[in-house]
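Structural features, examined
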Amino acid sequence: MELWQTFVKMVHALVPWLDGTVAIILIIFIKAMALLIPLMLVVAYFTYAERKVIGYMQLRIGPNRVGPKGWLQPIADALKLMTKEIIFPTKANIYLFLLAPVLAIAPAIAVWAVIPFDEGIYITNLDISLLYVLAIGSIGVYGIILAGWASNSKYPLLGALRSAALLVSYEIVIGFALVTVVMIAGSVNLNTIVQAQQGGIIYWYFIPLFPIMIIFFISSLVETNRAPFDVVEGESEIVGGTHVEYSGMTFAVFFLAEYANMILMAVLSVIMFFGGWHSPFEAIPYLESVFSWIPGIIWLLVKTTFFMFLYLWIRATFPRFRYDQIMRLSWKVFLPITIIWIFVVALMTQLQLSPWF
Amino acid sequence: MIKNLNKLIKNLTLNELRTGLSITAKELVNKKITVQFPEERTPISSRFRGLHALRRYPNGEERCIACKLCEAVCPANAITIESEMRDDGTRRASQYDIDLFKCIFCGFCEEACPVDAIVETQIFDYVFESRQGSIMTKERLLEVGSQNEKVINQTKLEDAKYK
């Protein structure tokens, strides 16, 4: 936070003619860009990592032609998508057709505003940030439903119907899963939740909430339409679901939204269950001093990278679920377990079970 | 009852999922055997039947005597030959076309040829840039032959003892 205040003072000193409001807007803009540009770069290279990792798991090499070792592949992909023609279906509702990708990506990026990267490094410190995450995250489903409806085509509509039912049922599971975290941390502020996990690896919430952690992670696969739950796209069943009629940049925006959402869910898993920016070596006598020079944001990124890798690993491993099986998993398995675990956590709270309470 | 309980425990501990994940994790670090095609190539048999070529004798005289045996044996009717008498009284092909769209690369023409004029080389990565490009004229066939004479000679020698 001190760093940030020096930066604000620097801006004021450099351009003193800026009055308060303009300066604040400028500062907010710079903050947003400082988050957005790295995020988009990570998304671009996450697609490269996905193709590489899945390739390796399938005994292939993956992209290695564009640039050294294929490092320029995402840039080539982006250029290709940007220069391609955007086709509008004749009978589509063009306004909604164009609104859909915006509605998909806007929440995926907006949620990042409350993510704490380190002690004091965040865009805004909202007291109800967890509610904000759930609320804004839910808007993303409108993007997919609108895309399916506005395309005026049968496969996109089928995809939209599937996504509507799926996302609604899994949001309940995710909501209940996060309730347990809130019960332990006693706050819906993401900063406070991470601070509550301070003091070493045994304080992290994945220990008392182990089944919830797994349920949250699997539900996040559904929320982001990832394999093995990618029935919304389901290439082999409904061609490409909501993406069928989209081309060029409109498709690229959906793509960006999906990957931004995936990284977001990985970060949320880390914040909720794996101690956010805290080092795993905290409170271990010797190792703590050895690793104390690493800033918290690096720990957050390392843990997030692991979860991002898990997404790819799972995609390379499992075949797609049947649609009704996904619904059964939600209502008959995850929801009962989560509700039972809420009672277990309530019991733990009542018993003042150390070290978490 | 016990069986069901066992199954329930296995399901809840994600037993099968962990088995699957361990397999893909193992493959992740395994050595990859992909051949990087334009730079690396897999070995090709000396009997490989690729693009055709017309050969010449070491003194530069073309081998083909326009006997039309290849035209007759060709099961796909891909070969068209016109012959003429040259000034020195020998018979030579004035036209020798192979339509690569018709050709099925059976290698009969090569076997029928009494003077080893028409051969199939090991070249398989060729392109045509126009529709007419599929027709290999006599000039193009002779050019392929003169460019690859060394390789053709080598492969024919290798294969000769098995014929």
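Look up a bit, the structure's there.
Just so we're clear, the structure is a prediction, and the values are computed from it rather than from any experiment. (Residues numbered from 1 in each chain as written. Chains lettered and ligands numbered in written order. Predicted model: local features only at pLDDT ≥ 70, side-chain atom pairs only at ≥ 80, totals over all residues.)

Quick look at the overall build of chain B
For clarity, the threshold we go by: For the purposes of this entry, the term helix denotes a DSSP run of H or I that reaches at least four residues, the term strand denotes a run of E that reaches at least two, and both are numbered from the N terminus. The size measure is the radius of gyration over C-alpha atoms, and the globule rule it meets is 2.2 Å times the number of residues to the 0.38 power.
Along its length, chain B carries 6 helices and 5 strands. From first element to last, N terminus to C terminus, chain B shows the α and β order α-α-β-α-β-β-α-β-β-α-α. Over its C-alpha atoms chain B spans a radius of gyration of 27 Å, topping by over 25% the 15 Å that the globule rule assigns to 163 residues. For chain B, the C-alpha atoms occupy an extent of roughly 100 × 35 × 30 Å along the three principal directions.

Quick word on the environment of Gly62(A)
All names here are of chain A. Cut-off, in case you're wondering: To sort residues by burial, count the other C-beta atoms lying within 10 Å of each one's C-beta; a count of 20 or more means buried, 12 or fewer means exposed, and anything in between means partly exposed. C-beta atoms are built from the backbone. A pair of residues counts as a contact when their C-beta atoms, built from backbone coordinates, are separated by no more than 7 Å.
The topology assignment puts Gly62 in the loop between α2 (20–57) and α3 (73–83). A residue is classified by how many C-beta atoms lie within 10 Å of it, and Gly62, with 20 of them, is buried. Through-space distance from the C-alpha of Gly62 to that of Leu99 is 34 Å; in sequence the pair is 37 residues apart. Dropping the residues within four chain positions of it, Gly62 is found in contact with Arg51, Lys52, Gly55 and Tyr56.

What to know about helix α13 (residues 323–350) of chain A
All names here are of chain A. The criterion, for reference: The span expected for a helix works out to 1.5 Å for each residue beyond the first. Bend, in this description, refers to the angle at a residue between axes fitted to the seven residues ending there and the seven starting there.
Helix length check: α13 (28 residues) gives 40 Å between terminal C-alpha atoms against 40 Å at 1.5 Å per residue, within 8%. In α13, a bend of some 35° at Phe334 exceeds every other bend along the element, and Pro336, a proline, comes one to four places later. Along α13, the residues classified as buried are Ile326, Leu329, Ser330, Phe334, Thr338, Trp341 and Val345. Residues of α13 that are buried in the fold lie against α6 (154–185) and α8 (210–223). Remark: Gln352 follows α13 within two positions and exhibits a positive phi of approximately 55°.

Details of the nonpolar core
Here is the rule: The nonpolar core criterion groups buried Ala, Val, Leu, Ile, Met, Phe, Trp, Tyr and Cys residues into a set whenever they are joined through C-beta atoms within 7 Å.
In this structure, Ala104(A), Ala260(A), Ile263(A), Leu264(A) and Met272(A) are the most contacted members of the largest nonpolar core, which totals 94 residues. Considering each element in turn, this core owes the most residues, 18 residues, to helix α10 (residues 248–273) of chain A. If sequence neighbours within four positions are ignored, Ala260(A) has contacts with Leu39(A), Val43(A), Ile105(A), Ala108(A) and Ile109(A). Grouped together as the second largest cluster of nonpolar side chains are 23 residues, Cys64(B), Tyr96(B), Cys113(B) and Val144(B) included.

So, the packing of helix α4 (residues 94–110) of chain A against helix α5 (residues 129–150) of chain A
Relative placement of two packed helices is described by the angle separating their axes and the distance separating the axes. Residues and elements named next belong to chain A. So the rule is basically this: Here an axis means a line fitted to C-alpha atoms, over the contact stretch when the element is a helix, while the angle between two N-to-C directions is reported on a 0 to 180 degree scale. Under this scheme an angle from 65 to 115 degrees is roughly perpendicular, one under 35 degrees roughly parallel, and one over 145 degrees roughly antiparallel; angles in between are oblique. Handedness of a crossing follows from how the near helix is turned relative to the far one, being left-handed for an anticlockwise turn of less than a right angle and right-handed for a clockwise one. Charged residues are taken to be Asp, Glu, Lys and Arg, nonpolar residues to be Ala, Val, Leu, Ile, Met, Phe, Trp, Tyr, Cys and Pro, and polar residues to be all remaining types, Gly included.
Axis separation between α4 and α5 bottoms out at 8 Å; the angle between their running directions is 160°. Relative to α5, the element α4 lies roughly antiparallel. In this structure, the crossing between α4 and α5 has a hand that is left-handed. Residue-level inspection shows Leu96, Phe97, Leu99, Ala100, Pro101, Leu103, Ala104, Pro107, Ala108 and Ala110 of α4 in contact with α5, the latter providing Ile136, Gly137, Ile139, Gly140, Tyr142, Gly143, Ile144, Leu146, Ala147 and Ala150. Each residue belonging to the contact of α4 with α5 can be placed in one class, and the counts come to 17 nonpolar, 3 polar and no charged.

So, the pairing of strand β2 (residues 79–85) of chain B
Short version of the rule: In this description, strands pair whenever DSSP reports at least two bridges between them.
Relative to strand β3 (residues 91–99) of chain B, β2(B) is paired through 7 bridges, and the arrangement is antiparallel. Residue pairing in the sheet places Glu84(B) in a bridge with Arg92(B) of β3(B).

A word on the interface of chain B and chain A
Counting from both sides, the interface comprises 8 residues of chain B and, opposite them, 9 residues of chain A. Its residues assigned to classes, the side of chain B that touches chain A comprises 2 nonpolar, 4 polar and 2 charged.

A few points about helix α12 (residues 296–317) of chain A
The terminal C-alpha atoms of α12(A), which comprises 22 residues, lie 32 Å apart, in line with the 32 Å expected from a rise of 1.5 Å per residue. Those residues of α12(A) lying buried are Trp299(A), Leu300(A), Lys303(A), Thr304(A), Phe307(A), Met308(A), Tyr311(A), Leu312(A), Ile314(A), Ala316(A) and Thr317(A).

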